[in-house]
Amino acid sequence: NPSQLPSAIPSQNPSQLPSESPSQNPSQRPSARPSISLSNEPSYLPSSLPSINAPHPSLNILQELYDATGGSTTWHANNWFLAGVALCDFDGIECDVDRQVITHIDLPSMGLSGTLPAIIGQLSGLKYLDLGYNHSLGGTIPTELGMLANLKGLELSFIDNLSGAIPSEIGMMTSLLYFFIGPAEIDGLIPTEIGKLSSLTDLWIYDNWVSGSLPSEIGLLSSLTYLDISENILEATLPTEIGNLSNLLELNLFGNDLSGTIPVEIESMMTLSHFGIWSNSIGGTIPSEFGLLSGLTYLDLDTNCFVGTIPTHLGLLTSLSYLWIGHNSLTGQLPTEFAMLTSLVELEIHENSLSGSLPSEIGKLSLLKKLSLWYNRNVEGSLPTEIGNMINLRNFYVSGMNLNGPIPTEIGRMTNLRNVWLDNNMLTGNVPTEIGLAVNLRRVYLDDNRLAGAVPSMVGSLIDLLIFDVQHNQLTGVVPSEMGSLTSLQTLELHGNYISGTMPSSICANKRDIGGSLTFLSSDCGASEVVCDCCTYCCDDDSGCEYVVPDGEEAILGNNLLSDYCLDIPDRNTSNGNPMKLLACNGGENQRWILDTDGRIRSDMNYSKCLDAGTNPVALDDVVISDCNGATHQSWTYLSDGRIVNNAFPSLYVGVPDCGTIDGDRYAVKLEELNEAGACSAAQKWVKNPPWRRA
C-alpha cells in the first residue's frame, strides 16, 4: 500500500489482488444450486367457487399462518381474504384438481415475519412449501412439519432469524426431494433420522451454526445429488459411508472444523464433479483415489493441513477446471503429470513447502488463466521459457520463491496477462524489452530481485498499467520518458536501485494531486541519483527513505467556539468520503494538517489525502477526506478572521452547525453558509495550533 512505507516484503498479498477469475468466496464458486422444476405437477383450472363464504376445510390453517406471520402488517400486497377470492386462488396457494387439498404454499420474499405456526403440519396433502427470503421470519422449525408425509420440497433459504435445531421429525417426511435452509441461526446436531429420506436429492444446510459430526447415516441417501453443509461448525472426521453417495454431483463442506483424513471410499463417488472442503482442519495425504473420479471439474482442498506430496494420479483428471490446494503443508515437486490437465483454468498451490524446479510441462496448460505458486520458498531454478505458451494466462503469482535466472523473453507472447508477481526471488538479467508486448498488463511486481540494466522504454506501451514496482534491484540508466504516457499509472516504485538522471516532467504531470492518476512515486533522490521534485517518497544513502513533505504550513486546527476540540479524522480512517469530526484535541497525526501552497488541506497521516467539499455541495453537507486530485472543490482559503472558505463554492465555509450538537464524544463538521453575527458564528472560525492543544 503506497500509504505505508515500502519494505522488502511486498505491500500487497497476491491472494487479495483483483482477479477476473473466480475468488474463494463461496457465493462466487462455480457451483450453483440447481433449479427445481415443478413442471410435472398437475395444472389447475380457474376457480368456479364464488367466494370464501363456503368455508374451505383448510381455511383456519391459512388464517393462523396469516396472523402468525404478520399477514396484515408486513406482508407485501396480496389477495388473501379479499372478498370474492377463493382460498385456492390466494396468491402463492395451489390446490389439487378438486380444490379441496392445498398442495403448494409458495410465499418467497413475501415479507413474512413472526414465527411459523405448528398448525401448518395439519396440511397433510401439502407437497411444496417455499418460505425462502422472508428475512424477518424467525422462531424454530415446528416439529409438526414431520407430519407432512407427502411433502416433496421444503425451501427455507435466507430466513435469517430462524433458529434452534433441525427436528428429528424431519425423518418422517419420506417423500422429501429437496431441503434448503440457510443462511440462518440453526444450531444443534444434524439428526441421524435424516438417513430415512431415501428420495432426497438436494440437501443444503449452509451458513448456520450446526455442530457435531456429519452422521454416518448420510450415506443412506443414495439418491442425493447435491450436498452442501458449508459454513457451519461441524467437527470430527468425514464418515467412510460418504462413499455410498454414488449419485452425488456436488459436495460442499467448506468453512467447518472437520479433521481427520479424507476417506479412500471417495473412489466410489464416480458421478462427482464438484468437491469443496476448503477451510477445515483435514490432514493426512491427498488420496490418490481422486484420480479415479474422471468427471471431477472442481477440486478445492485449500486451507487445510494436508502433508506429503501431490499425488501424480491427479493428472488423470482431464476434465478438471479448478484445482485449489494452497495453504497446506505439501512437499515435493510439482508433478509433471499436470501437463495432462488440459482443461485446467485455475491452479493454486501457493503457501506450501514445495521444492525442486518448475517443470517445463507447465507450458502445456494452454487454457490456464490463473497460476498461483507464491511462497513455496524451496522452489528454485529458472522460469521455463515454455510459460510463453500459456497465452490465456491472466494472473501469474510466483512471489517469495527461490527462482533465479532471467525473465524469459517469451513473456511478450502472454498478451492476456493482467497481473504478474515475480517479486522476492533471485531473478537476474534485464527486464525484458518484450514485456511491452504484453499489452494488457495492469500490475507488474518485479521488486526485490537482482535485475540489472535499464527500465525498457517499451514499458511505455502498457497503456493500462496501474502499478509498476521494481524497487530493490540493481537497475541503472534513466527513467524512460515514455512512461509519461501511462495515464492510468497509480504507483511507480523505483527506489533501491542505481537509476540516475531527472524524473521526466511527463511523469510528474500525471500526479494525482494535480489531476492525474499517479498517487505514489518513489526513487533514489540522493546525490548522483534521480533529480525528482515530484516524488512522494525519496531515498538516499545518508538519511534513508522518507515521505516528501509538501510545501506549506503544518497546523492543528482548533475550533474557536468549542475550545479543546480540534478538526479530526475519526478512527484514523482516511477512506474516501469519511466525514470529518471535532474531537478533543490530542496532538495526534490524525489532527495534524498541512495547508499547502496550492490551497489544499492535506492530512499529515497521508499526504495524498485532502479535505474535500464534494463536486456539488450544499449547506450542511459533510466535509470529507478524499484522494487529493487537484480539483477546485479541494482548494480552500484560510481567511484572516479564521474562517476556511471553499474556493470552488465561495459561499460555503467549514463550520460546526448549531454551536455543536454532540454525538457521543464527537461534533459534526459541515459546510455552512456565512454566519457573521449569530450566536454560533465563532464555530466557523479556526485557530491554527491553538494554545489548548495537547503536545
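Just so it is clear, the model here is predicted, and its values are computed rather than measured.

On to the sheet that holds strand E16 (residues 305-309), then. Strand order in the open sheet formed by 3 strands is E14-E16-E18, and the pairing between neighbours is parallel. The open sheet terminates on both sides in strands that have one partner only, identified here as strand E14 (283-284) and strand E18 (329-331). Across 3 bridges, the pairing between E16 and E18 is parallel. When the sheet's bridge partners are listed, Gly308 is paired in E18 with Leu330.

Another aspect to go through is the environment of Ala555. Residue placement: Ala555 occurs in strand E37 (residues 552-559). When its relative accessible area of 3% is taken as the criterion, Ala555 is described as buried. In the structure, Ala555 is positioned 135 residues away from Pro690 in sequence and 9.1 Å away in space, judged by C-alpha atoms. Ignoring sequence-local partners within four residues, the contact set of Ala555 consists of Gln591, Arg592, Trp593, Leu595, Lys688 and Asn689.

Here the focus is the side chain of Asn590. Secondary-structure assignment places Asn590 in the loop between strand E40 (581-584) and strand E41 (592-596). When its relative accessible area of 9% is taken as the criterion, Asn590 is described as buried. Side chain to side chain, Asn590 and Asp568 meet in a polar contact 3.2 Å long. Ignoring anything within four residues of it in the chain, the contact list for Asn590 reads Leu567, Asp568, Ile569, Arg572 and Met605.

Taken in spatial order, the 4 strands of this open sheet run E3-E5-E7-E9, and their pairing is parallel. Single-partner strands in this sheet number two, and they are strand E3 (113-115) and strand E9 (185-187). With strand direction ignored, the average angle separating the axes of adjacent strands in the sheet is 10°. Sheet analysis places strand E5 (residues 136-140) next to strand E7 (residues 161-165), joined by 3 bridges and oriented parallel. Across the sheet, Thr140 pairs through a bridge with Ser163, a residue of E7.

Definitions and cut-offs
Residues numbered from 1 in each chain as written. Predicted model: local features only at pLDDT ≥ 70, side-chain atom pairs only at ≥ 80, totals over all residues. Heavy atoms only, no water. Pairing = 2+ DSSP bridges. Helix = DSSP H or I, 4+ residues; strand = E, 2+ residues; numbered from the N terminus. Buried < 20%, exposed > 50% of the residue type's maximum accessible area, 1.4 Å probe, protein only. Contact = heavy atoms within 4.5 Å. Polar contact = N/O pair within 3.5 Å; in protein donor to acceptor, adjacent residues only side chain to side chain. Axes fitted to C-alpha atoms, helices over the stretch in contact; angles between N-to-C directions.

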